[in-house]
Structures are given as structure tokens and as C-alpha cells.
Amino acid sequence: MLQWTRTIVVLACLLHIPLSYSQQVLRVTTIPEEAATEQMRKFGPLSNYLEKNLGMKVEFTPVNDYPAAVEAMVNKQVDLVWFGGFTYVQANIRSGGKVVPFAQREEDTKFRSVFITQKNSGITKLTDLKGKQVSFGSQSSTSGHLMPRTYLLEAGINPETDFKRVAYSGAHDATIASVVSGRVDAAALDITVWNKFVSEGKVDTSKVDVFYTTPPYFNYNWSVHADMPAAQREKIAKALFALDMNTPEGKEILTLNRATKYIPTKADNYKNLELAGRSAGLIK
């Protein structure tokens, strides 16, 4: 029996097969909604918290763009991803339904996008954007592109034919900068990033401010590949749901992640985003 056990261990090492899932590193990434340095700063305390609660090393690797986060999950190069609602939809379609959303911030149940402009631009409503230069975030962003585009189309505005120029900044912080600098006349972005910039004094609302806020929709989530053992997924979920604003550690992590708490979510919550993506021609 001892010899047989040793043989199993040797074969596992040679074939790079883990003897148990708990011995692996938990590989994590997020969509780059802000600069990589900010992503690293935000994830550091959460990484330490998960390591402590999961009893395994947590390795965070930033990616260059939203599609890279999708491909990393689809190809199982990472185990856990913070997706926007639309990137989750894209990953789920690309994987043949193998991506499982399981946790979201409470704020993600009624998320909104905002359109911003310089106060002296004369833009006060969506129809004023006709003939203007307008920026979205990433083309794969829910709050920075899909939903703003959806509400523009509902208002009878087609960005490709009605705007003087359509730009894509790649990230929400870059979107704000493009309006502040005057490179574009207006832009759409994640309301929580906007509120963070305002609260931290990083934008002067006497010069640049919101002129339109969208209706609510479901957005971000933490997702894993369906091949992850259910017990491991439940352990991660339990750790996220246990974060509490009334503890110093919980307050630090939740505040960095612009959240009050994490709650369960499910695939059905994002069906309307898939429908919006198809209606807007962003999903073929």
C-alpha cells in the first residue's frame, strides 16, 4: 500500500496533476475598469483576506483589456474573475455556458451609468449630443458602453451616424480625463467611479458634471469556471459574503471595491444584458 501511494504521488508530480484542488494557487484577475496600479491597490487587501480564509495562495494578475479577461476565464488561465455584466455575458457565450456568476455587490442589483460634460458645453440632454464628439469606455464595458449605447438608441440617437466622432477610452478614469481635457464633448461611464472621483476631489464638478443618469440594471459580478469544484466556489462565496462594513478589515476591502456588501447572484440576472447586447449589435 505504501509503494502504491508513492507511485500516485510521483505520477501526479510528473503529470502536473494536483492531488487536491486546495493545494492550487487561486488565480484571479479583473476587467481593467481603472488603471492597473489602481486595480492592484484595490485587490491587495482582498487578496490577503482570501488567502487567510481559503488557506491557499491567491495570485492576482492584471490584464490589458476587457477581452483579455474574457479569454483568460474561457481558457481557464484564471480561476476567479471580476467581470462587468456584459463581459460575463461574453465569457459565458464564448465558453458554451461554462462561466458561473455567484457574487455581486449589493450596488450591482440597481447599477447606473452617467453621461458627463463640461458645464459650459451647452449639453443638457441626450439629444444635445448630436454632432458632438463622445467617448465611451471599453467597447466591452457594460456601464461605459453597452448600457449608455442602449439608452441612446432608445432616445433615437445612433452614435455611428449622429455623433461627429465616437471614441473609446478603454477605462472609466480615462473617460473622465477625456472630458476634463476637452478631447471630447461628453462621455459615459460607471456611476460608482464617477462618485469616487467626486468624493476624492479628483474632479471639479463646477467645471465637469453629470447631465444624464440611466435607469438601473444588473452589472458586475465575481465569476468562476463551472469546472471549479462546487465546494471551492462555496468557500470563496462564503468569504465574500462575510465581509462586513462594521469591521476594520471588511470596511477597508469593501470601500476599496466601492461596495457596502457582497450578495449572491445568478446567471438569470444578466439575461437582459445579453438581450441589450444583441439589440445594440454588440453580440452577433
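Here is what the cut-offs are and how they apply
Residues numbered from 1 in each chain as written. Predicted model: local features only at pLDDT ≥ 70, side-chain atom pairs only at ≥ 80, totals over all residues. Heavy atoms only, no water. Helix = DSSP H or I, 4+ residues; strand = E, 2+ residues; numbered from the N terminus. Pairing = 2+ DSSP bridges. Axes fitted to C-alpha atoms, helices over the stretch in contact; angles between N-to-C directions. Contact = heavy atoms within 4.5 Å. Phe/Tyr/Trp six-rings, centres within 6.5 Å; stacked < 30°, edge-to-face > 60°. Buried < 20%, exposed > 50% of the residue type's maximum accessible area, 1.4 Å probe, protein only. Lys NZ or Arg CZ within 6 Å of the ring centre and 35° of its normal. Domains from an automatic or database assignment. Buried area = accessible area lost by both parts, 1.4 Å probe. Salt bridge = Lys/Arg side-chain N within 4 Å of Asp/Glu carboxyl O. Polar contact = N/O pair within 3.5 Å; in protein donor to acceptor, adjacent residues only side chain to side chain. Nonpolar A, V, L, I, M, F, W, Y, C, P; charged D, E, K, R; others polar. Core = buried A, V, L, I, M, F, W, Y, C linked by side-chain atoms within 4.5 Å. Parallel < 35°, antiparallel > 145°, perpendicular 65-115°, else oblique. Left-handed = near helix turned anticlockwise from the far one by under 90°.

Time to look at the environment of G182. Its location among the elements puts G182 in the loop between α7 (172–180) and β8 (186–190). For the pair G182 and Q118, spaced 64 residues apart in sequence, the C-alpha separation works out to 8.0 Å.

Taken in spatial order, the five strands line up as β7-β6-β8-β5-β9 in an open sheet, and their pairing is mixed. At either end of the open sheet lies a strand with only one pairing partner, and these are β7 (165–168) and β9 (208–213). Taking each pair of neighbouring strands and ignoring which way they run, the sheet shows an average axis angle of 30°. Direction of pairing for strand β6 (residues 133–136) relative to β8: parallel, over a ladder of two bridges. Looking at β8, one finds that V134 is bridged to A186. The sheet contacts of α7 involve β5 (113–118), β6, β8 and β9, and relative to β8 the element is tilted by about 155°.

This paragraph deals with the packing of aromatic side chains. Within a pair of aromatic rings, the relevant descriptors are the distance that separates the centres and the angle that separates the planes. Per the counting criterion, the structure on display carries 12 aromatic pairs. Plain terms: the ring middles of W82 and W222 are 5.2 Å apart, the flat faces sit at 55° to each other, and that makes the pair tilted. Residue W82 is found in strand β3 (residues 80–83), and its partner W222 is found in strand β10 (residues 221–225); the two are separated by 140 residues along the sequence. Per residue, the accessibility class of W82 equals that of W222, and both read buried. The ring centre of F197 lies 5.4 Å from the NZ or CZ of K202, which sits over that ring.

For the chain, the assigned domains read domain 1 (25–109 + 218–280) and domain 2 (113–213). Measuring from the centre of the C-alpha atoms in domain 1 to the corresponding centre in domain 2 gives 25 Å. On the side of domain 2, 20 residues touch domain 1, which itself brings 20 residues to the contact. For the pair domain 1 and domain 2, the summed buried surface comes to about 1,500 Å²; carbon and sulfur atoms form 56% of the total. Counting the surface domain 1 buries against domain 2, the share from its top three residues, Y66, F86 and R258, is 34%. Measuring nitrogen to oxygen at the nearest pair gives 3.0 Å for the salt bridge that ties K196 to E38. Scanning the region where domain 1 abuts domain 2 turns up nine residue pairs in polar contact (both at pLDDT 80 or more). Broken down by secondary-structure element, the contributors of at least two residues to the side of domain 1 that touches domain 2 are α3 (66–74), α4 (85–94) and α11 (271–279). Top element by residues in the side of domain 1 that touches domain 2 is α4. It accounts for four residues. The residue inventory of the side of domain 1 that touches domain 2, partitioned by class, reads nine nonpolar, six polar and five charged.

With five of its six residues buried, β5 lies for the most part within the structure. Bridging between β5 and β8 involves five bridges; their strand directions are antiparallel. What sits directly across from F115, in β8, is A188. Alignment of β5 against β9, held across five bridges, turns out to be antiparallel. By the bridge assignment for β9, T117 is matched with D209.

This part is about the environment of V70. Relative to the helices and strands, V70 is located in helix α3. Sequence-wise, V70 and G201 are 131 residues apart; in three dimensions their C-alpha atoms are separated by 33 Å.

Structurally, the position occupied by K164 is in the loop between α6 (159–162) and β7. Separated by 34 residues in sequence, K164 and K130 place their C-alpha atoms 7.4 Å apart. Sequence-distant contacts of K164, defined by excluding residues within four places in its chain, comprise G131, K132 and Q133.

The next point concerns the nonpolar core. Among the nonpolar cores identified, the biggest contains 67 residues, and F83 and W222 are the most heavily contacted of them. If one sorts the elements of this core by residue count, α3 sits on top with six residues. Three or more residues apiece are contributed to this core by two domains, here domain 1 (25–109 + 218–280) and domain 2 (113–213). Residues in contact with F83, not counting those within four places in the same chain, are I31, A69, V70, M73, Y88, A91, V99, Y220, N221 and S223.

Here we take up the packing of helix α5 (residues 142–154) against α11. In contact at an axis separation of 9 Å, α5 and α11 are set at 65° when each is read in the N-to-C sense. One element, α5, and the other, α11, form an angle in the roughly perpendicular class. The interaxial crossing formed by α5 with α11 has left-handed handedness. Along the contact surface, α5 presents T142, L146, M147 and T150, while α11 presents L273, A276 and G277. Residue classes in the contact of α5 with α11 are distributed as four nonpolar, three polar and no charged.

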